[in-house]
Structure formats: structure tokens, C-alpha cells
Amino acid sequence: MQQAFYDGADLIKIYGTDRYNFLPDGKEVSVADFSLEEVQAIVDEARLKGLKVACHAYDGPGLHYCIDAGVASIEHGIQLDDDAIRKMVSKGIYLVPTLYVYCCALEKSDLAMSGGKTSRLAIHEVSFKKALALLMEAVPPRK
């Protein structure tokens, strides 16, 4: 991160989850790339340098570690649970859902990987709608 800072970076992006697979029932599961302590150290160091941290994360512990550490945004957030959404809203963490890529480029491979049961697009659609609904409840209407 030090070199990125000196090279002029204004944002650090980490992969809170990178590898994923589909269980036999079609549920998508991601593997955390960092511990909570590691993500917290990254976020703390970035803040000292005036930088924000974006976190590529789908679901599970890796997603929660990034949220708990206080990243600025969750990139993707394919399978957000209610707790993750509530914490994101309360901490002001942005969701960057990247909806388009899953519909066109990746859906076929996901269907093949899940035995035709699901895709990241199908999972993401449900999760995004839930996140949007909870956000709308939390944000007072403009006058």
C-alpha cells in the first residue's frame, strides 16, 4: 500500500473474498482472503494516508470482515445477508452491485458450475432488491 500511496493512488481495493463455489443445493459460498485483523490493519493504514478502501466481496466471513473493519464500499455484494445490509447502512458503506456483468458474461458458466440450479445473477438480484428495500427504509424521504 505504501508504494501505491507514493504512486498517487487515491483508493485501495482489496479482495475480501476471491474464490467461490456452488454447493450441491445451489448455494454460493465464498472464501475469505483476509482475517478481520488483517482487513482492519489495511483500513487503518489507508486512513492514516487519507485513502479509502473498497472491498471486493460476495458473501460470508470475508464480506463481514470488510464491513466490520469499516471499508468505504463493498464491490459486488452478491449474497448480502440482513446483518451485512444493516451494518452497511448504519456505517454509511456504499454498495457497488455491478449487475450487468453477471447477466451476460458469466451466467452460463455459473449455471454449469451449479448444475443448472442458480447463477450469481439470480442470487444477486434477490440480494440487491433486499439491500435497496432496507436502504429506502433507513433514508428519510426528501422534502
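Residues numbered from 1 in each chain as written. Predicted model: local features only at pLDDT ≥ 70, side-chain atom pairs only at ≥ 80, totals over all residues. Heavy atoms only, no water.

Caption draft 1: Highlighting the overall build of the protein chain. A count of helical and extended segments in the protein chain gives seven helices and six strands. Reading the protein chain from its N terminus to its C terminus gives the helix and strand order α-β-β-β-α-β-α-β-α-β-α-α-α. Taken against the 2.2 N^0.38 rule, which gives 15 Å for 143 residues, the C-alpha radius of gyration of the protein chain at 16 Å falls within 12% of a compact globule. Expressed as lengths along the three principal axes of its C-alpha atoms, the size of the protein chain is roughly 45 × 45 × 25 Å. Across the protein chain, contacts joining residues at least 24 apart in sequence account for 51% of those joining residues at least 6 apart. When the accessible area of the protein chain is evaluated, it comes to approximately 8,200 Å², of which 59% is carbon and sulfur surface. Put simply, the protein chain has 16 plus and 20 minus side-chain charges, and the middle of one group is 5 Å from the middle of the other. (Helix = DSSP H or I, 4+ residues; strand = E, 2+ residues; numbered from the N terminus. Rg over C-alpha atoms; globule rule 2.2 N^0.38 Å. Contact = heavy atoms within 4.5 Å. Areas by Shrake-Rupley, 256 points an atom, 1.4 Å probe, with all protein chains shown as cover. Lys, Arg positive; Asp, Glu negative; His and termini not counted. Charge placed at Lys NZ, Arg CZ, Asp CG, Glu CD.)

Caption draft 2: Broad picture of the sheet that holds strand β1 (residues 11–15). On the basis of which strands lie adjacent, the open sheet formed by four strands has the order β1-β4-β5-β6 and parallel pairing. Where the open sheet ends on each side, the last strands, each with one partner, are β1 and β6 (94–96). Across the sheet, the mean angle from the axis of one strand to that of its neighbour is 25 degrees, orientation sign disregarded. When strand β5 (residues 73–76) meets β6, the two strands line up parallel, connected through three bridges. Within β6, the position partnered with glutamate 75 by the bridge is valine 96. (Pairing = 2+ DSSP bridges. Axes fitted to C-alpha atoms, helices over the stretch in contact; angles between N-to-C directions.)

Caption draft 3: Structural view of the packing of helix α4 (residues 82–91) against helix α7 (residues 120–138). The interhelical angle for the contact between α4 and α7, taken along N-to-C directions, is 40 degrees, at an axis separation of 10 Å. One way to sum up the angle between α4 and α7 is to call them oblique. Read as a crossing pair, α4 and α7 show a hand that is right-handed. Contacts between α4 and α7 involve Asp82, Ile85 and Val89 from the former and Ser127, Lys130, Ala131, Leu134, Leu135 and Ala138 from the latter. Each residue belonging to the contact of α4 with α7 can be placed in one class, and the counts come to six nonpolar, one polar and two charged. (Parallel < 35°, antiparallel > 145°, perpendicular 65-115°, else oblique. Left-handed = near helix turned anticlockwise from the far one by under 90°. Nonpolar A, V, L, I, M, F, W, Y, C, P; charged D, E, K, R; others polar.)

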